Amino acid sequence: MANSSTSSFPQKKNRHTFSIVSSLMLLLFLFCLFLLTKNAFEPQLSLYTNLVSQIPPKLTQMHDQFDDLRQPISPDSEYQQEINEKTTLPITSKSDLDHKASRETSVPIIISSKPEFQDKLNENFEEPISSSKKRNVPISSKSDLDEETSEKQTVLDVKEKPFEDINNVIAEKLRNCDIYKGKWVKDEHYPLYNPGSCPYVDEAFDCQNNGRPDSDYLKWRWKPDDCDLPRFNATDFLVRLRRKRLMLVGDSMNRNQFESLLCLLREALPDKSKMYEIHGYKITKGRGYFIFKFEDYDCTVEFVRSHFLVREGIRVNAKGNSNPTLSIDRIDKTANRWKRADILVFNTGHWWTHGKTSKGKNYYKEGNYIYPRFDPVEAYRRAIKTWAKWINKNAKNEKLVFYRGYSSAHFRGGDWDSGGTCNGETDPVTRGANILDSYPIKMTILEKVIEEMHVPVVLLNVTRLTNYRKDGHPSVFGKNVSSGRRVSTRRQDCSHWCLPGVPDAWNELIYTTLVARQT
């Protein structure tokens, strides 16, 4: 037993010694490995340390700013500041843009709501687009719209600097410009819609289809002396009308303008079927109320006939005969419709020169009293004051009210009912103070009444700009002669206007006002 115990002890001692040696060898191996690894990584660590130490202070500050996610960094902030400082930008028309603004240093202003067009602008301005509730002012032309509306249009509300600043510059420039003082200039990009292309022009104004042989009268654009009007953009106009009602109230001259506006806005619609008269009525002079709906914009453009803006009536004399009257102290019976509109465009004028209105005999009425004789000018003054009183009471601040001034007629040798003519006129008036500087007393009365009103009214003073346009009337081309009917030269229309034509400029002035007011 002793021998057995003695022989096993050396075996255990040897095993213990081997274990210690193995552990020492393993530790030595790990230590060597550590030394090798340290040497391998030291250059990389040294390089990284050098790079960190060389970071410029500005980048270090930028890293610090990224820690606060509530303060995003705009790498173009210096550029935006530069744009904000340089705000003297001219208002340019499309003709100016086509000629590169005659190589001047001015920046052409073309801003569109089309996403593809914004991308092109981004390349020029190197500025990212961000969305917001505020809208830029698109300034484009009919040709631009034709090219850009081949696909279904998507109207975007965009707010972006420097575009917002440009809009403000445009608006400020227009607000400081007398847009009614200027001249007509030839523009080959006119008219804004083609003759015969619009189904809303009634026969009396469709001069080209009625056989008018000349067409130069279509090529004139109104140019203020101290600024340029923004090019009419039908898409932008409709965007500004979204969920609103625009109503023109007045006589056949306002229907002339109403048809012009429908034709201008129609140019923006890829799908023309989404514009329609809600009752299916066709525009005729016999009907006095139309509502045109623009589905994609949930807005309407309407016309309400009111020859005088005050109430027409009938009296029966002792013999049982009916005679017309005009209550100059009572608003027109259509006024309840006016209350529904967001934007109102009023006019009256031409009917004050007709028949009983101009004679004033047993016609004008206040209360229940009919004046045996009354001065038509004073009657007009009182009627306009009645209209102004209604506006002051019923037009709230959210309404925008226009009054379009008197539109000049150009009869030679008589009046509309006494042989007056304008046939053969093919060019605007270029000189003659008796024509160009004429200003009806009705306009002076109107200006004074508007100045005294509590509710602000925009006077579209088209009188002098229409003084020039003796070439723009239908004259003998107010009826279609394609069916063999003869043209009568006995009674010529030298009051209304051919379409396309002068009323398009009136609607351009309305658009300009919307741009200037950022409405």
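Residues numbered from 1 in each chain as written. Predicted model: local features only at pLDDT ≥ 70, side-chain atom pairs only at ≥ 80, totals over all residues. Heavy atoms only, no water.

## Considering the overall build of the protein chain
And step 1. A tally of helices and strands in the protein chain yields 16 helices and 13 strands.
And step 2. Counting every position in the protein chain, which comprises 519 residues, the buried fraction comes to 46%.
And step 3. Of the contacts made within the protein chain by residues no fewer than 6 positions apart, 75% connect residues no fewer than 24 positions apart. (Helix = DSSP H or I, 4+ residues; strand = E, 2+ residues; numbered from the N terminus. Buried < 20%, exposed > 50% of the residue type's maximum accessible area, 1.4 Å probe, protein only. Contact = heavy atoms within 4.5 Å.)

## Concerning the packing of aromatic side chains
And step 1. Enumeration according to the criterion identifies 21 aromatic pairs in this entry.
And step 2. Measuring from ring centre to ring centre gives 4.9 Å for Tyr-200 and Phe-292, while their planes differ by 75 degrees; the resulting arrangement is edge-to-face. Here Tyr-200, found in the loop between β1 (182-186) and β2 (220-224), pairs with Phe-292, found in strand β5 (residues 289-294); they are 92 residues apart in sequence, far enough to count as distant. Taken individually, Tyr-200 and Phe-292 each receive the classification buried, so the pair is uniform in this respect. (Phe/Tyr/Trp six-rings, centres within 6.5 Å; stacked < 30°, edge-to-face > 60°.)

## So, the sheet that holds strand β4 (residues 275-277)
And step 1. On the basis of which strands lie adjacent, the open sheet formed by seven strands has the order β4-β5-β6-β3-β9-β12-β13 and mixed pairing. Two strands lie at the open edges of the sheet, namely β4 and β13 (458-460), each paired on one side alone. For this sheet, the mean angle separating the axes of adjacent strands, direction not counted, is 20 degrees.
And step 2. Of the pairings in the sheet, the one linking strand β3 (residues 245-250) to strand β9 (residues 343-346) comprises four bridges and is parallel in character. Residue pairing in the sheet places Met-247 in a bridge with Leu-344 of β9. (Pairing = 2+ DSSP bridges. Axes fitted to C-alpha atoms, helices over the stretch in contact; angles between N-to-C directions.)

## Some remarks on a positive patch on the surface
And step 1. The grouping of Lys-356, Lys-359, Lys-361 and Arg-373 at the surface amounts to a positive patch.
And step 2. In this structure, Arg-373 sits in the loop between β11 (369-370) and α12 (376-394). (Patch = residues over 30% accessible without salt bridge, like charges linked within 9 Å, V, L, I, M, F, W, Y side chains within 5 Å. Areas by Shrake-Rupley, 256 points an atom, 1.4 Å probe, with all protein chains shown as cover. Salt bridge = Lys/Arg side-chain N within 4 Å of Asp/Glu carboxyl O. Lys, Arg positive; Asp, Glu negative; His and termini not counted. Charge placed at Lys NZ, Arg CZ, Asp CG, Glu CD.)

Such coordinate-based values are descriptive only and should not be taken to indicate function.
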